[in-house]
Amino acid sequence: MSTLQSGASDFAARLAKALLGEGPPSKKAKTGVADLDREEIAALINKKLPTASSYSKTTVGGWADSRYKTIWPCMNFHRQHTLQDQHTTPVALLDPILAQVAEDCAVAAPTEGDCNFTARVASAMSESFTKEGERMDKFWELLEHEYSVRFQRIEFGDAKTDGSLTHPKGGLVVNVEVKNEVGSGGGAIHVQNAAYFAAYADGQAVVLRQVSTCPTLLIELAGPNMSLSGAVFSNVVVCDQLTPMVSLLWQPHSPLMLQAARCFAALRMALPRLLAYYDSVQSQALRQQLDFPYPTSFIASDGGGQAHFQYVRRLSGLCFKGVIQPHGQSVFVKFCRSYSFAAHQAMAAAGYAPALLGFEQLAQGWLLIVQQFVDAVSWDEIVHKPVESLKAAVHALHAAGFVHGDLRGCNILVAAGAVSLIDFEWAGIVGKATYPYFMNHVDIQWPDGASDGRLVTESHDLWWLSKLI
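Here the structure is a predicted model, which is why all the values come from computation and not from measurement.

Quick notes on the rules
- Residues numbered from 1 in each chain as written.
- Predicted model: local features only at pLDDT ≥ 70, side-chain atom pairs only at ≥ 80, totals over all residues.
- Heavy atoms only, no water.
- Helix = DSSP H or I, 4+ residues; strand = E, 2+ residues; numbered from the N terminus.
- Contact = heavy atoms within 4.5 Å.
- Areas by Shrake-Rupley, 256 points an atom, 1.4 Å probe, with all protein chains shown as cover.
- 1 Å grid on protein atoms, 1.4 Å probe; cavity = no way out; pocket = protein on both sides within 12 Å on 5 of 7 lines; lining within 4 Å.
- Points joined across faces, edges and corners; volume = space filled by probe spheres on them.
- Nonpolar A, V, L, I, M, F, W, Y, C, P; charged D, E, K, R; others polar.
- Core = buried A, V, L, I, M, F, W, Y, C linked by side-chain atoms within 4.5 Å.
- Buried < 20%, exposed > 50% of the residue type's maximum accessible area, 1.4 Å probe, protein only.
- Salt bridge = Lys/Arg side-chain N within 4 Å of Asp/Glu carboxyl O.
- Axes fitted to C-alpha atoms, helices over the stretch in contact; angles between N-to-C directions.
- Parallel < 35°, antiparallel > 145°, perpendicular 65-115°, else oblique.
- Left-handed = near helix turned anticlockwise from the far one by under 90°.
- Pairing = 2+ DSSP bridges.

## Observations concerning the overall build of the protein chain
For step 1, the next point in the chain: Looking only at helices and strands, the protein chain has 13 helices and 20 strands in total.
For step 2, the next point in the chain: The contacts of the protein chain with a sequence gap of at least 6 include a subset with a gap of at least 24, amounting to 59%.
For step 3, the next point in the chain: Split by element, the accessible area of the protein chain, about 21,400 Å² in all, is 54% carbon and sulfur.

## Let's talk about the layout of surface pockets
For step 1, the next point in the chain: Roughly 1,600 Å³ of volume is contained in the largest pocket.
For step 2, the next point in the chain: Along the walls of the largest pocket sit 47 residues, with G317, L318, C319, K334 and E425 positioned nearest its centre.
For step 3, the next point in the chain: Contributions of two or more residues to the lining of the largest pocket are made by α4 (83-87), β8 (237-241), β11 (306-316), β13 (330-336), β15 (367-372) and β16 (377-378).
For step 4, the next point in the chain: For the lining of the largest pocket, the element with the most residues is β13, which contributes four residues.
For step 5, the next point in the chain: When grouped by side-chain class, the residues that make up the lining of the largest pocket number 23 nonpolar, 14 polar and 10 charged.

## Regarding empty space enclosed by the protein
For step 1, the next point in the chain: Tallied over the full model, the rule gives one cavity of 30 Å³ or more.
For step 2, the next point in the chain: Considering only enclosed or pocket space, the largest cavity measures out at about 30 Å³ in volume.
For step 3, the next point in the chain: Taken together, L143, Y147, V149, F151, V174, I219, L267 and L271 make up the full set of residues lining the largest cavity.
For step 4, the next point in the chain: Among the elements of the structure, α8 (132-147) and α10 (255-280) are those that each provide at least two residues to the lining of the largest cavity.
For step 5, the next point in the chain: Grouping the constituent residues of the lining of the largest cavity by class yields eight nonpolar, no polar and no charged.

## Points about the nonpolar core
For step 1, the next point in the chain: Core analysis: the largest hydrophobic core is formed by 83 residues, its most contacted members being Y55, M75 and L217.
For step 2, the next point in the chain: Beyond its immediate chain neighbours, meaning those up to four positions away, L217 contacts L98, V101, V173, V174, N175, L228, S229, L242, L267, A270 and L274.

## Some remarks on the pattern of salt bridges
For step 1, the next point in the chain: Under the definition given, this model contains 15 salt bridges.
For step 2, the next point in the chain: Between R268 and D114 there is a salt bridge, with the nearest N and O atoms lying 2.8 Å from each other. Of this pair, R268 sits in helix α10 while D114 sits in helix α7 (residues 112-125), and the two are 154 residues apart along the sequence.
For step 3, the next point in the chain: With relative accessibility at 30%, the residue R268 sits in the partly exposed group.
For step 4, the next point in the chain: Across the pair K334 and D423 runs a salt bridge, and its minimum N-O distance is 3.6 Å. Of this pair, K334 sits in strand β13 while D423 sits in the loop between β19 (418-421) and β20 (428-429), placing them 89 residues apart in sequence. Both residues of the pair, K334 and D423, count as buried.
For step 5, the next point in the chain: Taken together, the salt bridges that share partners define one network made up of K334, D423 and E425.

## Observations concerning the packing of helix α6 (residues 96-107) against α10
For step 1, the next point in the chain: Between α6 and α10, whose axes approach to 8 Å, the crossing angle comes to 165°. The pairing of α6 with α10 is recorded here as roughly antiparallel in orientation. Every pair of crossing elements has a handedness; the one defined by α6 and α10 is right-handed. The segment α6 lies against α10, with I97, Q100, V101, D104, C105, A106 and V107 engaging R262, C263, A266, M269, A270, R273, L274 and Y277.
For step 2, the next point in the chain: Of the residues assigned to the contact of α6 with α10, the class counts are 11 nonpolar, one polar and three charged.

## Details of the pairing of β15
For step 1, the next point in the chain: The element β15 is extensively covered by neighbouring structure, given that five of its six residues are classed as buried.
For step 2, the next point in the chain: Across six bridges, the pairing between β13 and β15 is antiparallel. The residue bridging V331 from the neighbouring strand is Q372, located in β15.
For step 3, the next point in the chain: As paired elements, strand β14 (residues 356-361) and β15 share five bridges and run antiparallel to each other. In the sheet register, G358 faces β15, and the bridge partner there is V370.

## What to know about the side chain of K321
For step 1, the next point in the chain: With respect to the helices and strands, the residue K321 is situated in strand β12 (residues 319-325).
For step 2, the next point in the chain: Apart from the residues within four sequence positions on either side, K321 is in contact with Q310, Y311, V312, R313, L315, S330, V331 and F373.

## As for the sheet that holds β15
For step 1, the next point in the chain: Reading around the barrel, the six strands line up as β10-β11-β12-β13-β15-β14 and close back on themselves, with antiparallel pairing between neighbours. The mean angle between the axes of side-by-side strands here comes to 40°, regardless of whether they run parallel or antiparallel.
For step 2, the next point in the chain: As judged from the seven bridges shared by β11 and β12, these two strands associate in the antiparallel manner. For S316, the partnering residue across the bridge sits in β12 and is C319.

## Let's talk about the packing of α7 against α8
For step 1, the next point in the chain: Here α7 crosses α8 at 165°, and the two axes come no closer than 11 Å. In terms of orientation, α7 lies roughly antiparallel with respect to α8. Classified by chirality, the crossing of α8 by α7 is right-handed. Touching G113, F117, R120, V121, A124 and M125 of α7 are R135, K138, F139, L142, L143, E146 and Y147, all from α8.
For step 2, the next point in the chain: Class assignment of the residues belonging to the contact of α7 with α8 gives a composition of eight nonpolar, one polar and four charged.

## Quick notes on the environment of A198
For step 1, the next point in the chain: Within the secondary structure, A198 is located in helix α9 (residues 189-203).
For step 2, the next point in the chain: Overall, A198 belongs to the buried group, its relative accessible area being 0%.
For step 3, the next point in the chain: When sequence neighbours within four positions are dropped, the list of residues in contact with A198 reads I45, L49, M75, G203 and V237.

## Some details on the side chain of Q289
For step 1, the next point in the chain: Looking at the secondary structure, you find Q289 in the loop between α10 and β10 (297-300).
For step 2, the next point in the chain: The buried category is assigned to Q289, whose relative accessible area is 15%.
For step 3, the next point in the chain: Those residues in contact with Q289 that sit more than four places away from it in its chain are Q310, Y311 and V312.

So far we have only geometry, and geometry alone does not tell us how the molecule works.
Right, dumping it as structure tokens:
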């Protein structure tokens, strides 16, 4: 059998196992898609995904129906609470344009034109419409006139979108899903819109997805309420809500009007960016790592300018191993929303943390942290534990005026009998550092007083130290 025939046969066998939910009895194989690449996942979605309107329902035949369990891990819409949610990279780290939309919706300063348009939309959408199609047509009319674009309805078998803006090169720039009022239609509006994106990216954007994550801005309109979502096709289809449902009612003395105006300002700025992206995407060099976050460079903290890196593999969560190009130095790459650079640098200077090589501030509050990759094992894995080294590290941390907050064994590395502290997300100055919200209180026992939003104290770090030694 030729190599090509063998590869085709292997693909067919793996796809069949995924479709049937079969495979070896490992934790990964239970999803049925653990070993499939992007094209195989696209084929699986094409095979199993029903119409978007059917999939949006919570009844038999909808997204919660167990017959679709084989494609749940392929489409992260955050409705099935599985481990996939923890290991899927957020849209804001997979596409910078959609990340900027989320940020603009939160903080943009609307122009006079944005405010005037918001007022017109509020006036129109506050009206009563007998049919969903009438509301859709009016919304189209407003968007097309304001942004000089043209919407169309794309057919998927017996179903049609409620409005799609496409690019001549095949990109789905914007997709609109409309419900006449909140609760109309009996389906989940965000699931339906995301399912249309999945159907398009996996069915019609065959060439485009070879060089792109196919970023698409999704608009959900339910009566006088609107939200924006972002969708990409990375290693799986990922769809994140970028905004909550925003009121489009005419309330000139309410801050809700400003929220709506920011959304339309974000839309105004995003449309030319997305169109320009699709103008150039097929003439750009092939982006080889579509299933990793988009940032591939950072400003070196030693003043060496911009450094470029390539991803090697995901380590856990939003932590990756990478290599700096072209000399191949291994690095640890982490994405988070808070980080104490001062605490990390102080510990690195004292010899108790890996060198901090650089960082980048990204849209929507994300941070890119790049540090030295240490060939070490965690405290939990080592038999002969360097207790005195750990005591010295914690003492040095507190002597410098910092607390850590998460001194579990997994955040302590040991190499050649020496300790390195890592993961300074919760660290900070004594008396100022606080714990994040949504801490894991189910699987982890925390010291007394360590709770969501409360101060991180030195006594908490010492409690961990006593448990570790």
